[in-house]
Amino acid sequence: MNKWLSKENTTSVNGLFLLIVFFSHIQSYITLPHPISMVTKAFGQLMVAMFLFHSGYGVMESIQKKGMDYVRKIPKNRVLRVWLSFALSVCLFGIMNLCMGIPFSASRFFLSLFGWKEIGNSNWYIFVILCLYLLTWACFSVAGHWIADEKKRNRFGLLILVISIMGFFVFLHETKEPWWYNTLTAYPFGILISMEKERIEKWLERPLHWWGTVSLSLIVTILFRQFSSHASVFLMMTICFCTFVIVFTKKVPLYHMALEWVGVHLFECYILMRIPMIVLRRSILVESAGIYTVVCFVVMLLMAAFYHKILECLSRIVNFSSSRSGR
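Overview of the structure. On a predicted model such as this, the values are computed, not experimentally measured, just so you know.

### Examining the state of the cysteines
As enumerated under the stated definition, the model contains 0 disulfides in all. Summary of cysteine pairing: Cys-139 is not part of a disulfide, and the nearest cysteine sulfur, belonging to Cys-131, is at 12 Å. Cys-240 provides the cysteine sulfur closest to Cys-242, a residue in no disulfide bond, and the two sulfurs are 9.4 Å apart.

If you want it as structure tokens, here you go:
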């Protein structure tokens, strides 16, 4: 049951969208063929929605399996783990900038360590996911303090988390660009799907229900796309898009070993992919978009594999508990 939402399948989906993010980012340095740019433009900010969805889904799966013991360990096993991994990558960007003569202030570097600013690295997603993990810990801790029944506790925890995310949305809306906040609904939606997955799967067993859900979610996503400049519309479109992906992949699995590998190394690829892009943008490779893209992609994979080993060693040193990948 729920094989379509298994770790292997969700990791492969993440790997697929990581590839789209890669092509989106590399367009900051070169011009890609029109078909590729059309794909990245069509997805827009939705290309990261499934990352947030699977993060919420993974956290809730762990909470349901391990209970409040897992909630109490979120600050260490989720927040500290991600932050240390990210802060180390920011130091690598700092070294790269110093070697290339790219200026940055000490204050900017400090804020970059927490994702509020950047020094060439991708930052907004890390800041947002760290805050969402902290909000999850706080809200479910409060729920656990007041309610003993597991199902009621989880539902109340989700309720106050949604309210908290609404406040977080307002804060980001007033201080940051739209891409910081317009996919926030994917995270609590992932939590909700985890809580209701048995009921949802039973509903989708009927072909008519599956076809109807896939068609309606896709149509609404496309319709909302026309008005996505409005933040509230984008938030609803994010939910529709996530619905389409998870329901579609129930009947049409996107699993592939290569995509799963990329998905397993999602965090490393995401935070490091801009290093080869920045370093090689002044080289002769930029004269050929194809060669530049392939070299950047291969270097990113090699760096991600090496960095993954470093993070595994760091995890053993700090004694982080193993958890479902959902970053």
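### Side note on the nonpolar core
Among the nonpolar cores identified, the biggest contains 95 residues, and Leu-18, Met-50, Phe-53, Val-128, Leu-132, Leu-184 and Tyr-187 are the most heavily contacted of them. Element by element, the count of residues in this core is highest for helix 7 (residues 124-146), at 12 residues. Once you skip the residues sitting within four places of it in the chain, Phe-53 turns out to touch Ala-186, Tyr-187, Phe-189, Gly-190, Ile-193, Cys-242 and Ile-246.

### Side note on the environment of Glu-118
Tracing the chain through its elements places Glu-118 in the loop between helix 6 (106-112) and helix 7. In this view, Glu-118 contacts Arg-108, Ser-112 and Asn-123; residues no more than four positions away in its chain are not counted. Within the structure, Glu-118 has its side chain in polar contact with the backbone nitrogen of Gly-120 (distance 2.6 Å).

### Describing the packing of helix 3 (residues 49-66) against helix 9 (residues 186-204)
Contact geometry of helix 3 with helix 9 gives a least axis separation of 7 Å together with a crossing angle of 45 degrees. Here helix 3 is positioned oblique relative to helix 9, judged by the angle of their axes. Handedness of the crossing formed by helix 3 with helix 9: right-handed. Where helix 3 abuts helix 9, its residues Ala-49, Leu-52, Phe-53, Ser-55, Gly-56, Tyr-57, Val-59, Met-60, Glu-61 and Gln-64 lie against Ala-186, Tyr-187, Phe-189, Gly-190, Ile-191, Ile-193, Ser-194, Met-195 and Lys-197. Class assignment for the residues of the contact of helix 3 with helix 9 results in 12 nonpolar, 5 polar and 2 charged.

### Topic: the side chain of Gln-45
Considering the arrangement of structural elements, one finds Gln-45 in the loop between helix 2 (34-43) and helix 3. Looking at Gln-45, the relative accessible area reads 18%, which means it is buried. Once residues lying within four places of it in the same chain are set aside, the contact partners of Gln-45 are Trp-124, Trp-179, Asn-182, Thr-183 and Phe-234.

### Observations regarding the packing of aromatic side chains
Tallied over the full model, the rule gives 23 aromatic pairs. Taking 5.4 Å as the distance between ring centres and 65 degrees as the angle between the ring planes, the aromatic pair formed by Phe-110 and Phe-114 counts as edge-to-face. The ring of Trp-116 has Lys-176 lying over it, and the distance from NZ or CZ to the ring centre is 3.9 Å. Of note, Lys-176 hangs over the ring of Trp-180, and the distance from its end group to the ring centre comes to 4.5 Å.

### Section: helix 11 (residues 231-251)
The end-to-end C-alpha distance of helix 11 is 31 Å, a good match for the 30 Å that 21 residues give at a rise of 1.5 Å each. Counting buried residues in helix 11 gives 16 out of 21 residues, a clear majority hidden from the surface.

### Details of the packing of helix 7 against helix 8 (residues 150-175)
Following both chains from N to C, one finds helix 7 and helix 8 inclined at 145 degrees, their axes separated by 8 Å at the closest point. As for how helix 7 packs across helix 8, the hand of that crossing is right-handed. Contacts from Phe-127, Val-128, Cys-131, Leu-132, Leu-135, Thr-136, Cys-139, Phe-140, Val-142, Ala-143, Gly-144 and Trp-146 in helix 7 reach Arg-153, Asn-154, Phe-156, Gly-157, Leu-158, Ile-160, Leu-161, Ser-164, Ile-165, Phe-168 and Leu-172 in helix 8. Among the residues forming the contact of helix 7 with helix 8, the class breakdown is 17 nonpolar, 5 polar and 1 charged.

Rules and cut-offs
- Residues numbered from 1 in each chain as written.
- Predicted model: local features only at pLDDT ≥ 70, side-chain atom pairs only at ≥ 80, totals over all residues.
- Heavy atoms only, no water.
- Disulfide = S-S within 2.5 Å.
- Core = buried A, V, L, I, M, F, W, Y, C linked by side-chain atoms within 4.5 Å.
- Buried < 20%, exposed > 50% of the residue type's maximum accessible area, 1.4 Å probe, protein only.
- Helix = DSSP H or I, 4+ residues; strand = E, 2+ residues; numbered from the N terminus.
- Contact = heavy atoms within 4.5 Å.
- Polar contact = N/O pair within 3.5 Å; in protein donor to acceptor, adjacent residues only side chain to side chain.
- Axes fitted to C-alpha atoms, helices over the stretch in contact; angles between N-to-C directions.
- Parallel < 35°, antiparallel > 145°, perpendicular 65-115°, else oblique.
- Left-handed = near helix turned anticlockwise from the far one by under 90°.
- Nonpolar A, V, L, I, M, F, W, Y, C, P; charged D, E, K, R; others polar.
- Phe/Tyr/Trp six-rings, centres within 6.5 Å; stacked < 30°, edge-to-face > 60°.
- Lys NZ or Arg CZ within 6 Å of the ring centre and 35° of its normal.
- Expected span 1.5 Å × (residues − 1).

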